[in-house]
Amino acid sequence: MDPGRLLHTGSQAPQSLAAHLDNPAPDDSPRAVSRTSEKDPVKTFSEACLMVRKPALELLHYLKNTNFAHPAVRYVLYGEKGTGKTLSLCHVIHFCAKQDWLILHVPDAHLWVKSCRGLLPSTYNKQRLDQPAEASIWLKNFKTTNERFLSQIKVQEKYVWNKRESTEKGSPLGEVVEQGITRVKNATDAVGVVLRELKGQSSLGGFRLLVAVDGVNALWGKTTLKREDKSLVAPEELALVHNLRKMVKNDWHGGTIVLTLSQTGSLFKPRKAYLPQELLGKEGFDALDPFIPILVSNYSPKEFESCIQYYLENSWLQHEKAHTEEGKKELLFLSNANPGQLERLCAHL
Amino acid sequence: MAAATLPAWLALQPAARTLRAFCTAVSPATRSAIPSPRTAGRTSRYERPLRRKALPPRTEKMTVDLDWPSVYPVAAPFKPSAVPLPVRMGYPVKRGVPMAKEGNLELLKIPNFLHLTPVAIKKHCEALKDFCTEWPAALDSDEKCEKHFPIEIDTADYVSAGPSIRNPKARVVTLRVKLSSLNLDDHAKKKLIKLVGERYCKTTDVLTIRTDRCPLKRQNYDYAIYLLTVLYHESWKTEEWEKEKTEADMEEYIWKNSPSEKNILETLLQIKTAEKDLEVNKEELLGTKEVEDYKKCVVSLKNEGDNEETLSQYKESVKKLLKLM
């Protein structure tokens, strides 16, 4: 079985997903599980496995039946903390990658609205603010993910970066990405250009576009960024956020948009909030309407079993009582079948 | 010798009592005559007036079916000998129990309602009946009372033992009325609720106005009625600036002209153009069953908030609308 493609490196969300999934076809028997935590079992297990679970399967089913002439449908994965939304997103990304879609993945939109250094006034639009650091990171990731397409897609307009540099019409998209990576000052604008081009061209049918954003509620929340005069920055004043919002609107066709809501990392939202309206707020909901909400819940008994089995097989659980029935019941009770909680518990055993 | 004299002295007691019953002024001579068999060592005791032996408490003579209002006809302090209940009150010492009722200051301090048992109250009511008029026969159910007398006024009167009969608390007047009994249309009702703010309870549909700003009860009552009248008339009027009511002011979510409607319209139009189906118009699109369904789901989602039910309904309706299976 070939290892899948290397999707991302260096973000807190999924690390290198060299997935060992079989054909992602409907397979209700869950496989092994992977975690996205600082412990990085990827290196420990020297593999990264995903559990095939219902929400992801549902999404894949919809994706297979999409009509690409219709405007892009938005799917929102929501659920309580630690239930597996990010990983379901990764599963979908992997599926699309296998099918040769162009992946536009934002691993955590919350990173763009907090603790950014170096906000610059935008070169393109005076009222907005640039974030060169985040933009360049994202461009690097985008490059690694979609190497193939960068030479295929041609830009449709001329973009002038500054007095000396410009990108001509018809040159490959790779050039724009390079420009953004080398000239960090123009990185945000490069991102904007990339997004605009992709949106325009996916409708032509040359490729299929998957827009995957994790923590999309960051786009409509508040930020913790301040300008030099200590006034708060609203999200729409950030060029990156502005462009991304345009991307998740459904006024283009030829692809899909899969989003996750995330409370961890969100700003000014209570810890227990997990429902779409709570996290998105009125603005976000109106912007994303109509969307298909998909609930990701805790493990079912079967999934729990298989997770424990996986840990036992890889000798992750060292406690003597771990394979007894009693031990399993205790783990089930303590973690309440919550995947995140279970992983943290097993890390101690 | 002391033991021998004691019974003799006790035997003499009844005689001493009867003696005292007849002569009011008990001369020391008579007194000193009685305890003559006593020894001279007990002289200090003679100055003290003779103490009667304590009678058995009244409770021992009480039967179960006695007339309690005659024991406590008025508010009286707690008399442990007159109350047959084994009441205990007080903070117990370690490994002890609360103090008994005899000589218990705590029981004396607190107010008691021993004079207001149900039997006593019944007697009061019987006595007051002569001063009452009959309840109108036509008002035999709650609904009729509400229908004919929708406004309810609550006042309180205070009586206390003291030099003055005035009590500042007596000027408070509370007016309660159900909005359904007032003749209000939709706009008027919303405006009234916005005007009164906290005084309206949504679950019971009751408007409560509590006035105490005037010194007299009658004045407060007039003021409350005046407030109600003013509210009613003002809410029927529509001012110029009410046209600027924004979405943020709306009490509930209205589908018409909402961003949701625009979104769905755009989406549907795009779908239609994709399918090369150009002869559609907006009303037709909005009138289809799926859109109606979607509209209901969005309205319920916005008004009631998220829960599993509303979200799953919304999901189904979006799926049908976008023709996803």
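It should be emphasised that the depicted structure is a prediction, and the values quoted were computed from it without experimental measurement. For every chain, the first residue of the written sequence is number 1, and numbering continues from 1 onward in sequence order. Lettering for chains starts from A, numbering for ligands starts from 1, and both go in the order in which the items are written. It should be noted that, the model being predicted, local features are given only for residues of pLDDT at least 70 and side-chain atom pairs only at 80 or more, the latter also being counted only at that level, while totals for whole chains, interfaces and linings use all residues. Think of the side-chain values as coming from all heavy atoms in the structure, minus any hydrogens and water.

(A) A look at the overall build of chain A. Helix and strand assignments follow DSSP, with helices taken as H or I runs no shorter than four residues and strands as E runs no shorter than two, numbered in order from the N terminus. Counting its regular elements, chain A contains 12 helices and 9 strands. Counting across all 349 residues of chain A, residues that qualify as buried make up 56%. Pairs of residues are marked as contacts when any of their non-hydrogen atoms sit within 4.5 Å. Here the contacts in chain A between residues at least 6 apart in sequence split such that 72% fall between residues at least 24 apart. Accessible surface area values rest on a Shrake-Rupley calculation with a 1.4 Å probe, where residue burial reflects the displayed protein chains alone. If you sum the accessible surface of chain A, you get close to 15,600 Å²; carbon and sulfur atoms cover 52% of it. Residue burial is assigned from relative accessible area. The probe radius is 1.4 Å, only protein chains are included, and a residue is buried under 20% of its type maximum, exposed over 50%, and partly exposed in between.

(B) Representation of the pairing of strand E1 (residues 73-78) of chain A within the structure. All names here are of chain A. Of all 6 residues in E1, 6 are buried; the element is thus mostly enclosed. Because side chains alternate across E1, one face comprises the buried residues Val73, Tyr75 and Leu77, and the other comprises Arg74, Val76 and Tyr78, equally buried. Only when DSSP finds a minimum of two bridges between them are two strands counted as paired. Where E1 meets strand E9 (residues 292-295), 4 bridges bridge the pair, whose relative direction is parallel. Each residue of the ladder has a partner; that of Leu77, found in E9, is Ile294.

(C) Representation of the packing of aromatic side chains in the model. In this scheme Phe, Tyr and Trp rings, the latter by its six-membered ring, pair at centre separations within 6.5 Å, and the angle between planes marks the pair as stacked below 30 degrees, edge-to-face above 60, and tilted otherwise. Within this structure, the stated rule accounts for 10 aromatic pairs over all chains. The interplanar angle of 20° and the centroid separation of 5.7 Å between the aromatic rings of Trp68(B) and Tyr72(B) together place this pair among those described as stacked. A single burial state applies to Trp68(B) and to Tyr72(B), both of which are buried. Through a chain of ring-to-ring contacts, three or more aromatic side chains come together here, namely Phe285(A), Phe291(A), Tyr294(B) and Tyr314(B).

(D) Structural detail: the pairing of strand E7 (residues 209-214) of chain A. All names here are of chain A. In terms of burial, E7 is a largely internal element, 6 of the 6 residues being buried. The alternating pattern of E7 places Leu209, Val211 and Val213 on one face and Leu210, Ala212 and Asp214 on the opposite face, and all of these are buried. Two strands pair when backbone bridges link them, and strand E2 (residues 102-106) and E7 are joined in this way by 5 bridges, in the parallel orientation. Within E7, the position partnered with Val106 by the bridge is Val213. Where E7 and strand E8 (residues 255-260) come together, 6 bridges link them in parallel fashion. Paired with Val213 across the bridge in E8 is Leu259.

(E) Representation of the confidence of the model for chain B within the structure. Residues and elements named next belong to chain B. Every residue gets a pLDDT, meaning the predictor's confidence in that residue, from 0 to 100. Per-chain confidence: chain B averages 81 in pLDDT, with 81% of residues scoring 70 or above. Note that pLDDT drops below 50 for residues 1-12; the model gives that stretch 8 contacts with residues more than four away or on any other chain. Among the scores for the predicted complex, ipTM is 0.72 and pTM is 0.65.

(F) The arrangement of helix H12 (residues 339-348) of chain A in detail. Residue and element names in this part refer to chain A. Those residues of H12 not exposed but buried are Pro339, Gly340, Leu342, Glu343 and Cys346. Viewed along the axis of H12, the buried residues span an arc of 160°, placing them on a single side of the element. In this fold, the buried residues of H12 make contact with helix H10 (301-313) and helix H11 (325-335). Starting at the helix axis, one direction is taken to each C-beta atom, and the arc is that of these directions.

(G) Representation of the sheet that holds E8(A) in the model. All names here are of chain A. Sheet architecture is open: 5 strands sit in the order E2-E7-E8-E1-E9, paired in parallel fashion. Each end of this open sheet is capped by a strand with a single partner; those strands are E2 and E9. Direction aside, neighbouring strands of the sheet carry axes that sit 15° apart on average. Where E1 lies against E8, 5 bridges are found, and the strand directions are parallel. Note that in E8 the partner of Val73 across the bridge is Thr256. Only the contacting stretch of a helix is used when fitting its axis, a line to C-alpha atoms as for every element, and angles between N-to-C directions run 0 to 180 degrees. Sitting on the sheet, helix H8 (residues 239-247) touches E2, E7 and E8, and the angle it makes with E7 is about 130°.

(H) View of the pattern of salt bridges. Residues and elements named next belong to chain B. Salt bridge, as used here: a side-chain nitrogen of Lys or Arg that lies within 4 Å of a carboxyl oxygen of Asp or Glu. Applying the stated rule across the entire model yields 19 salt bridges over all chains. One salt bridge in this structure joins Lys237 and Glu234, with 2.9 Å as the shortest N-O distance. Judged by its relative accessible area of 27%, Glu234 is partly exposed. We note a salt bridge from Asp293 to Lys320, for which the minimum N-O separation is 3.7 Å. Of this pair, Asp293 sits in helix H11 (residues 289-304) while Lys320 sits in helix H12 (residues 308-321), placing them 27 residues apart in sequence. For Asp293, a relative accessible area of 24% puts it in the partly exposed group.

(I) Geometry of the side chain of Ser317(B). Residues and elements named next belong to chain B. In this fold, Ser317 is placed in helix H12. Given the relative accessible area of 1%, Ser317 is considered buried. Not counting residues within four places of it along the chain, the set of residues in contact with Ser317 comprises Asp293, Tyr294 and Cys297.

(J) Highlighting the interface of chain B and chain A. The interface of chain B with chain A comprises 26 residues on the first partner and 27 residues on the second. Summed over both partners, the accessible area (1.4 Å probe) lost when two parts come together is defined as the buried area. For the pair chain B and chain A, the summed buried area comes to about 2,400 Å², and 55% of that belongs to carbon and sulfur atoms. Along the contact surface separating chain B from chain A lie 1 salt bridge. Across the pair Glu58(A) and Lys315(B) runs a salt bridge whose closest N-O atoms are separated by 2.9 Å. Distance and chemistry together define a polar contact, namely a pair of N or O atoms within 3.5 Å, with one atom able to donate a hydrogen and the other to accept it when in protein, and with adjacent residues in sequence counting only for side-chain atoms on both sides. Our count for the chain B to chain A interface comes out at 3 residue pairs in polar contact (both at pLDDT 80 or more).

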